[in-house]
2 protein chains.
Amino acid sequence: MSCCSEEKSKLIEEIGVRFEQVHQLAPLAARIYAIMILSPKDGHTFDEILSITSASKSSVSTHLNHLLQLKKVEYFTKPGDRKRYFRASTYYLKNTLEEYHVNISDEIKLIDKIINFNKTNNTQKFQNTGQIALLFREYLESQKVNIENVINKMSKIEI
Amino acid sequence: MSCCSEEKSKLIEEIGVRFEQVHQLAPLAARIYAIMILSPKDGHTFDEILSITSASKSSVSTHLNHLLQLKKVEYFTKPGDRKRYFRASTYYLKNTLEEYHVNISDEIKLIDKIINFNKTNNTQKFQNTGQIALLFREYLESQKVNIENVINKMSKIEI
DNA sequence: TGTTTAGTTCGGTATTTCCCGAACCAATCA
DNA sequence: TGATTGGTTCGGGAAATACCGAACTAAACA
């Protein structure tokens, strides 16, 4: 990474590592997303991303397009300027919460299947651990509601 | 997968795919963990796991040991029987919540760094998105408290 | 004391992931 | 109209991951 302060470079790496897992991104895609989040409002050009990441044009192109497709990144243009200026999607935090919401809904569906399976096939086991499983399920439900509330609050903020 | 009902096999796969991501496990490790969760109280022997997964002894050994080390799986023995009987850790749901708790704490630390960075380096951007970021942070805090409460409730249940 | 049981360890290989360079293209510029 | 700019596409290769077979070990059995 060149073209960055020491602090920014380190933060890009730290966010990058996390985003690989949370958002299921390739390392370079996660770094690019991190760069966007730490970027000024007017974004970065393709070439700037090239020099910050010191990756190849092809890789930057591929991963940037992937991020665009996922709506994690967006771009805008300036009149009389062929370049595109890339930045994190204005709603990336809200979108992240929406991802979390889908995730939790899936997890609830799955734990319901597990609870049901053990209830009918492992009756003895269920007597012991069933209560815990139901508590876990309640937890997921309340997380879901919590997320919905925060999404609503976010929707009311003008950007 | 042999030795299982159609329903159980499908559920093992479904849980497996999810656990690869959630718990960062290799496919076979995730399948074994899934099997444990859907197992009767008295667990499964090494050979039973072999025949359910139709994987090699070496792979089962390696991944089972990994799961033991992570405390996701435990085993017990029966007097006069050299075999070990493997099952999901009695506290696996509580342990899962504790994992989530650590994860959220890390995420809070990270978002604080991001908020701070943008506050001082991208002042203009922060004016727009700062409020959203703070809402996101609040959300994380409340998730954390929520998890703590559920862990406490779980601790009070006798198994 | 030789054999079976219940696994473990090690070296290797198939597969997948991730990234790169080179060639290419479409729009603009000179 | 030929060169430059701002990318895209494609084939390939290095590295990491996931799994396997074969040889091994330690305890127990016969």
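Not measured: the values here are computed from a predicted model.

Enquirer: Looking at this structure, how should I read the protein's contact with DNA strand D?
Expert: Of all residues adjacent to DNA strand D, which total 18 residues, the nearest are Lys57, Ser61 and Arg82 of chain A together with Ser56 and Ser58 of chain B. The protein-proximal atoms of DNA strand D, defined as those within 4 Å of the protein, are 59% sugar or phosphate. Measuring from a base nitrogen of DNA strand D, one finds a side-chain N or O atom of Lys57 of chain A at 2.2 Å. Ser56 of chain B is positioned with one of its backbone polar atoms (N or O) 2.9 Å from a phosphate oxygen of DNA strand D.

Enquirer: How should the domain arrangement of chain A be read in this particular structure?
Expert: You'll often see interface size given as the accessible area lost when the parts meet. Residues and elements named next belong to chain A. Domain parsing of chain A yields domain 1 (6-88) and domain 2 (92-155). Here the C-alpha centre of domain 2 lies 32 Å away from the C-alpha centre of domain 1. With seven residues of domain 1 at the interface, the matching set in domain 2 holds five residues. Buried area between domain 1 and domain 2, both sides added, is near 450 Å², and the carbon and sulfur share of it is 49%.

Enquirer: Can you walk me through the relation of the copies chain A and chain B in this structure?
Expert: Superposition of the two copies of the chain requires a rotation about an axis together with a shift along that axis. Here chain A sits on chain B after a turn of 180° about the axis and a move of 0.0 Å along it, with an RMSD of 0.0 Å. The transformation just described matches what one would write down for a two-fold rotation axis. Scanning chain A for the C-alpha nearest the rotation axis identifies Gln143 of chain A, at a separation of 3.4 Å. Mapped onto chain B, 100% of the interface residues of chain A are again interface residues, and the two copies thus contact each other with one and the same surface.

Enquirer: When you look at the pattern of salt bridges in this model, what are you seeing that I'm missing?
Expert: Note that side chains of opposite charge can pair when their charged atoms are close. For the structure shown, the criterion picks out 18 salt bridges over all chains. A salt bridge links Arg18 of chain A to Glu107 of chain B, with the nearest nitrogen and oxygen atoms 3.7 Å apart. Remark: Glu107 of chain B occurs in helix α5 (residues 92-121) and Arg18 of chain A occurs in helix α1 (residues 6-22); the pair is interchain, linking two chains. Per residue, the accessibility class of Arg18 of chain A equals that of Glu107 of chain B, and both read buried. With a closest N to O distance of 2.3 Å, Glu99 of chain A and Lys72 of chain A form a salt bridge. Remark: Lys72 of chain A occurs in the loop between α4 (57-69) and β1 (73-77) and Glu99 of chain A occurs in helix α5 (residues 92-121); sequence separation between them is 27 residues. Judged by relative accessible area, Glu99 of chain A falls into the partly exposed class, the value being 27%. One continuous salt-bridge network, built from bridges that share partners, spans Glu13, Glu20 and Arg31 of chain A.

Parameters at a glance
- Residues numbered from 1 in each chain as written.
- Chains lettered and ligands numbered in written order.
- Predicted model: local features only at pLDDT ≥ 70, side-chain atom pairs only at ≥ 80, totals over all residues.
- Heavy atoms only, no water.
- Near = heavy atom within 4 Å.
- Polar contact = N/O pair within 3.5 Å; in protein donor to acceptor, adjacent residues only side chain to side chain.
- Domains from an automatic or database assignment.
- Contact = heavy atoms within 4.5 Å.
- Buried area = accessible area lost by both parts, 1.4 Å probe.
- Least-squares fit on C-alpha atoms with pLDDT ≥ 70 in both.
- Salt bridge = Lys/Arg side-chain N within 4 Å of Asp/Glu carboxyl O.
- Helix = DSSP H or I, 4+ residues; strand = E, 2+ residues; numbered from the N terminus.
- Buried < 20%, exposed > 50% of the residue type's maximum accessible area, 1.4 Å probe, protein only.

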